[in-house]
Amino acid sequence: MAPVTRVDLNADLGEGFGAWRLGDDEAMLDVVTSANLACGFHAGDPATLRRTCQAAAMRGIRIGAQVGYRDLAGFGRRFIDICPDDLYADVVYQIGALDALARTVGSSVTYVKPHGALYNTIIHHEAQADAVARAVRDLNGDFPVLTLPHGAFGDRARELGLRVVTEAFADRAYRDDGTLVPRSEPGAVLRDPAEVAARIPALSRTAESICVHGDSPGAVTIAQAVRSALAANDIELAPFV
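What counts and what doesn't
- Residues numbered from 1 in each chain as written.
- Predicted model: local features only at pLDDT ≥ 70, side-chain atom pairs only at ≥ 80, totals over all residues.
- Heavy atoms only, no water.
- Buried < 20%, exposed > 50% of the residue type's maximum accessible area, 1.4 Å probe, protein only.
- Helix = DSSP H or I, 4+ residues; strand = E, 2+ residues; numbered from the N terminus.
- Pairing = 2+ DSSP bridges.
- Core = buried A, V, L, I, M, F, W, Y, C linked by side-chain atoms within 4.5 Å.
- Contact = heavy atoms within 4.5 Å.
- Expected span 1.5 Å × (residues − 1).
- Phe/Tyr/Trp six-rings, centres within 6.5 Å; stacked < 30°, edge-to-face > 60°.

So, the pairing of strand β4 (residues 109–114)
Here's step 1: Where burial is concerned, most of β4 is hidden: 5 out of the 6 residues are buried.
Here's step 2: Where strand β3 (residues 62–67) lies against β4, 5 bridges are found, and the strand directions are parallel. Bridge pairing in β4 links V67 to P114.

Structure, rendered in structure tokens:
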């Protein structure tokens, strides 16, 4: 296998809501190359998202639409048995809203990443995977999508002609089948920066982009550790789009 020479570093940002702040978006934007911004369904309000878009644009950070279930109370981490037509419309709506906010500050949405329970569900739920992939394709077929290396969503997106960018999670534990350990289980989220950094050489060989969650305690320190680990392994940090 050829050595990895470059990789993207992404984080989930813009997840505050009104007076409630979640994570340090400004500090994270100084570390990552791509920002997955909430679109108002699982988190994020319009003013917060516009400010985050502006902060990303000022740094030249790529903006991605992090689409999710309509689940503010559960932070988008609960499965919703939504019909495909409704999910399709919800995804189009979310991408369009974030893109409009980004354009007011001189930027735009350049890729799409599902969030939380939707991300994990469409790894195996073919009907919902199809709805999300079709929504992205119909809105802008040039948008890449982020997902795990294997699963229904990636397969369907490729069938529809979308670019699929494989993703690995620096701060999440994995099952033997390559899916993520549910957050309800012990050890699902990794907190030790040194432990996370030690995984980076292996993870970078399996994915084009590495994710660090912006809402985790110590997220900035973890992201900095990941960035340092990439540099120590002579891996260039660069956006995938």
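On we go.
Brief notes about the nonpolar core
Here's step 1: Counting 70 residues, the largest nonpolar core has I95, L98 and V226 as the members making the most contacts within it.
Here's step 2: With 8 residues, the top contributor of residues to this core is helix α8 (residues 219–232).
Here's step 3: The residues contacting L98, other than those within four sequence positions of it, are L37, A38, C39, L49, C53, I63, G64, A65 and V109.

Observations regarding the environment of N140
Here's step 1: If you trace the backbone, N140 turns up in the loop between α5 (126–139) and β5 (145–147).
Here's step 2: When the C-alpha positions of N140 and A168 are compared, they lie 24 Å apart, and in sequence the two are 28 residues distant.

Some details on α5
Here's step 1: For α5, built from 14 residues, the straight-helix expectation of 20 Å at 1.5 Å per residue is met to within 8% by its first-to-last C-alpha distance of 20 Å.
Here's step 2: Looking at α5, one finds that the buried residues are Q128, A129, D130, A131, V132, A133, A135 and V136.
Here's step 3: Summarising the contacts, the buried residues of α5 are in contact with α3 (84–103), β4, α4 (116–121), β5 and α6 (152–159).

What about the packing of aromatic side chains?
The relation between two aromatic rings is expressed through the spacing of the ring centres and the mutual angle of the planes.
Here's step 1: The final tally for this structure, using the stated rule, is 4 aromatic pairs.
Here's step 2: Seen in terms of ring centroids, F41 and Y93 are 5.8 Å apart; in terms of plane orientation they differ by 40 degrees. Their pairing is tilted. Residue F41 is located in the loop between β2 (34–38) and α2 (46–59), and its partner Y93 is located in helix α3; the two are separated by 52 residues in the primary sequence.
Here's step 3: Judged by relative accessible area, which is 6%, F41 ranks as buried.
Here's step 4: Their ring planes at 85 degrees and their centres at 6.2 Å tell us that Y69 and F79 sit as a pair that is edge-to-face. Here Y69, found in the loop between β3 and α3, pairs with F79, found in the loop between β3 and α3; they are 10 residues apart in sequence, far enough to count as distant.
Here's step 5: Judged by its relative accessible area of 2%, Y69 is buried.

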